[in-house]
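Structure at a glance
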Number of protein chains: 2
Amino acid sequence: MQELEERIQSDGIVIDNEILKVDSFINHQIDTGLLRRICTYLVEPFHSIDKVVTVETSGIAFAVVAAQLLGDVPVVFAKKSKSKIVDATNVYIANVKSFTRGIVSPITIDKRFLKKGEKVLIVDDFLAEGNASLGLVELCQQAGAQVEGVAVAVEKSFQGGHAKLNAMGIPVRSGADVAGFDRGKVLFADEKLPH
Amino acid sequence: MQELEERIQSDGIVIDNEILKVDSFINHQIDTGLLRRICTYLVEPFHSIDKVVTVETSGIAFAVVAAQLLGDVPVVFAKKSKSKIVDATNVYIANVKSFTRGIVSPITIDKRFLKKGEKVLIVDDFLAEGNASLGLVELCQQAGAQVEGVAVAVEKSFQGGHAKLNAMGIPVRSGADVAGFDRGKVLFADEKLPH
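Rules used in this analysis
Residues numbered from 1 in each chain as written. Chains lettered and ligands numbered in written order. Predicted model: local features only at pLDDT ≥ 70, side-chain atom pairs only at ≥ 80, totals over all residues. Heavy atoms only, no water. Helix = DSSP H or I, 4+ residues; strand = E, 2+ residues; numbered from the N terminus. Rg over C-alpha atoms; globule rule 2.2 N^0.38 Å. Buried < 20%, exposed > 50% of the residue type's maximum accessible area, 1.4 Å probe, protein only. Contact = heavy atoms within 4.5 Å. Areas by Shrake-Rupley, 256 points an atom, 1.4 Å probe, with all protein chains shown as cover. Lys, Arg positive; Asp, Glu negative; His and termini not counted. Charge placed at Lys NZ, Arg CZ, Asp CG, Glu CD. Axes fitted to C-alpha atoms, helices over the stretch in contact; angles between N-to-C directions. Parallel < 35°, antiparallel > 145°, perpendicular 65-115°, else oblique. Left-handed = near helix turned anticlockwise from the far one by under 90°. Least-squares fit on C-alpha atoms with pLDDT ≥ 70 in both. Salt bridge = Lys/Arg side-chain N within 4 Å of Asp/Glu carboxyl O. Core = buried A, V, L, I, M, F, W, Y, C linked by side-chain atoms within 4.5 Å. Buried area = accessible area lost by both parts, 1.4 Å probe. Polar contact = N/O pair within 3.5 Å; in protein donor to acceptor, adjacent residues only side chain to side chain. Nonpolar A, V, L, I, M, F, W, Y, C, P; charged D, E, K, R; others polar. Pairing = 2+ DSSP bridges. Expected span 1.5 Å × (residues − 1). Phe/Tyr/Trp six-rings, centres within 6.5 Å; stacked < 30°, edge-to-face > 60°. Lys NZ or Arg CZ within 6 Å of the ring centre and 35° of its normal.

1. Considering the overall build of chain A
Helix and strand counts for chain A come out as five helices and 11 strands. A compact globule built from 195 residues should have a C-alpha radius of gyration of about 16 Å, and chain A, at 16 Å, falls within 12% of that. When each of the 195 residues of chain A is scored for burial, the buried share is 54%. Across chain A, contacts joining residues at least 24 apart in sequence account for 61% of those joining residues at least 6 apart. As displayed, chain A has an accessible area near 8,400 Å², and 51% of this comes from carbon and sulfur atoms. Averaged over its 22 positive side-chain charges, chain A has a centre that lies 6 Å from the centre of its 25 negative ones.

Rendered as structure tokens:
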């Protein structure tokens, strides 16, 4: 998506030729007009979605706007548990390894809010190794819900998340695919249809 | 706002005649159509807002939709710090006491994202004692930004947050004002104009 790529190029901050910060328009301050245009692009191939699922915190903005564009379907955001021990009576639980911090933490969704047969679109701001998305897929599988796709604002497909989801038969759609960095400049993979 | 009061009455869960759970439509699962109608009601008295400010997590959905209705202005969400010690070089910091957990934690906003003279609307899902909102007001004051009002989906004005904000000259707008509970039923204060 050209507008997002241009914005990443102009306002993204590349640190140590390795980390991309987009906190001025994606995940601390949010450009809400750009957000709507990204979500419009993301949801375009998806139809008959019953529910949008994301994980706190920075996925919520994208999930809500995507859900409204899909016909005001409900959003459910998985909660990051502060405790390693979670009572599984009332919640679905998956363990997610944090890419930035290296630790494993449980994420949970109340069993009342994911149902067998529901068609789910997973939405998030970022996809890299895919740990958060794979955790959300696991929660949906526990409930018997059907994951129709994963839609993210920015992915780094070279880090493997995209391929892992595809290997499970789940299509991935992203607004921009960051392929690497060259002397502080962001390189993008070719714009792709979901596959 | 009648629709929200009716929804709280039908789908809210009152625990021990004291706690109101609205996690089936406000802060775990989100009814995104209701969300837009609440936000439309909330922003109605506010004009010429430059920025919407909230705090993670469950305020983000309301902040983003309110900001779009105010003309696609930016949202900034304050981050809850995991550490008690925060480097204040690049962020504004306020200490917020958690109503539910009793502990004090810092919330922060990067100094790049709040500017002197900006007209800010604070948006959140809940207002009770007002600790989170007062923390956001403090961050805005540190930046020299002007708080034009606080808009929340649900408040419990009897717990004092509303009066504290009014005493600072800040108007409060809410979608529903929970006045108390009577044998599992929710009682609402009269619907009010912001004051």
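That was the structure; now back to the text.
2. Some remarks on the packing of helix α2 (residues 32-43) of chain A against helix α3 (residues 60-69) of chain A
Residue and element names in this part refer to chain A. Closest axis-to-axis distance for the α2/α3 pair is 9 Å, and the angle between their directions is 60°. As summarised for this structure, α2 and α3 are arranged oblique, according to the angle between their axes. The handedness of the crossing between α2 and α3 is right-handed. Here Leu35, Arg36, Ile38, Cys39, Thr40 and Val43 of α2 lie close against α3, whose contacting residues are Ala61, Phe62, Val65, Ala66 and Leu69.

3. Thoughts on the relation of the copies chain A and chain B
Overlay of chain A on chain B (RMSD 0.0 Å): rotation 180°, translation along the axis 0.0 Å. The two molecules are tied by a two-fold rotation axis, judged by turn and shift.

4. Some details on the pattern of salt bridges
Residues and elements named next belong to chain B. In the structure shown here, the tally under the stated rule is 20 salt bridges over all chains. For Arg7, the salt bridge is made with Asp11, and the minimal N-O distance between the two is 2.8 Å. Here the residue Arg7 and the residue Asp11 both occupy positions in helix α1 (residues 2-11), the gap between them amounting to four residues, near one helical turn.

5. Observations regarding the nonpolar core
Counting residues in hydrophobic clusters, the biggest one holds 80 residues, and the most contacted among them are Leu4(A), Ile8(A), Ile38(A), Leu4(B), Ile8(B) and Ile38(B). Once residues lying within four places of it in the same chain are set aside, the contact partners of Leu4(B) are Phe25(B), Ile26(B), Leu34(B), Ile38(B), Ala153(B), Val154(B), Gly175(B) and Ala176(B).

6. Quick look at the interface of chain A and chain B
Contacts between chain A and chain B engage 36 residues on the former and 36 residues on the latter. Both faces considered, chain A and chain B share a buried interface measuring about 2,900 Å² in area, 55% of it formed by carbon and sulfur atoms. Asp23(A) is paired through a salt bridge with Arg112(B); the nearest N and O atoms lie 2.7 Å apart. Where chain A meets chain B, there are 20 residue pairs in polar contact (both at pLDDT 80 or more). Put simply, the parts of the chain that give the side of chain A that touches chain B at least two residues each are β3 (29-30), α2, α3, β5 (75-80) and β7 (104-110) of chain A. In terms of residue class, the side of chain A that touches chain B is made up of 15 nonpolar, 10 polar and 11 charged. Bridge count between β5(A) and strand β3 (residues 29-30) of chain B: two bridges; the pairing is antiparallel. Bridge pairing in β3(B) links Val76(A) to Gln29(B).

7. Some words on the pairing of strand β10 (residues 172-182) of chain B
Residue and element names in this part refer to chain B. Of all 11 residues in β10, nine are buried, a share of seventy percent or more. As defined by bridge partners, strand β9 (residues 146-155) adjoins β10 across five bridges and the pair is classed as parallel. Residue pairing for β10: Val152 is matched across the bridge by Ser174. In terms of strand pairing, β10 meets strand β11 (residues 185-188) through four bridges, oriented antiparallel. Across the sheet, residue Gly180 finds its bridge partner in β11, namely Leu187. Taking the residues between adjacent antiparallel strands as the criterion, β10 and β11 are bridged by two residues, where Arg183 takes a positive phi near 45°.

8. Brief notes about the environment of Lys156(A)
All names here are of chain A. On the secondary structure map, Lys156 appears in the loop between β9 (146-155) and α5 (161-167). Residue class for Lys156 comes out buried when judged on its relative accessible area of 9%. Every residue in contact with Lys156, bar those within four places of it in the chain, is listed here: Glu18, Leu127, Ala128, Asp177 and Val178.

9. Topic: helix α4 (residues 131-143) of chain B
Residue and element names in this part refer to chain B. With 13 residues, α4 extends 19 Å from end C-alpha to end C-alpha; this agrees with the ideal 18 Å at 1.5 Å per step. For α4, the full list of buried residues reads Ser133, Gly135, Leu136, Val137, Leu139, Cys140 and Ala143. Looking one or two places after α4, you find Gly144, whose phi comes out positive at around 80°.

10. Overview of the packing of aromatic side chains
Evaluation of the coordinates by the stated rule reveals zero aromatic pairs over all chains. One Lys or Arg, Arg173(A), reaches over the ring of Tyr41(A) and ends 3.9 Å from the middle of that ring.

11. As for helix α2 (residues 32-43) of chain B
Residue and element names in this part refer to chain B. Between its first and last C-alpha atoms α2 spans 16 Å; for 12 residues at 1.5 Å apiece the expected length is 16 Å, and the two agree. The element α2 is extensively covered by neighbouring structure, given that nine of its 12 residues are classed as buried. Buried within α2 are the following residues: Thr32, Gly33, Leu34, Leu35, Ile38, Cys39, Tyr41, Leu42 and Val43. With a side-chain oxygen lying 3.1 Å from the backbone nitrogen of Gly33, the N-terminal cap of α2 falls on Asp31.

12. Section: the packing of α1(B) against α2(B)
All names here are of chain B. Between α1 and α2, whose axes approach to 10 Å, the crossing angle comes to 135°. Accordingly, the angle class assigned to the pair α1 and α2 is oblique. Contacts between α1 and α2 involve Glu3, Leu4 and Arg7 from the first element and Leu34, Arg37 and Ile38 from the second. Tallied by class, the residues present in the contact of α1 with α2 amount to three nonpolar, no polar and three charged.

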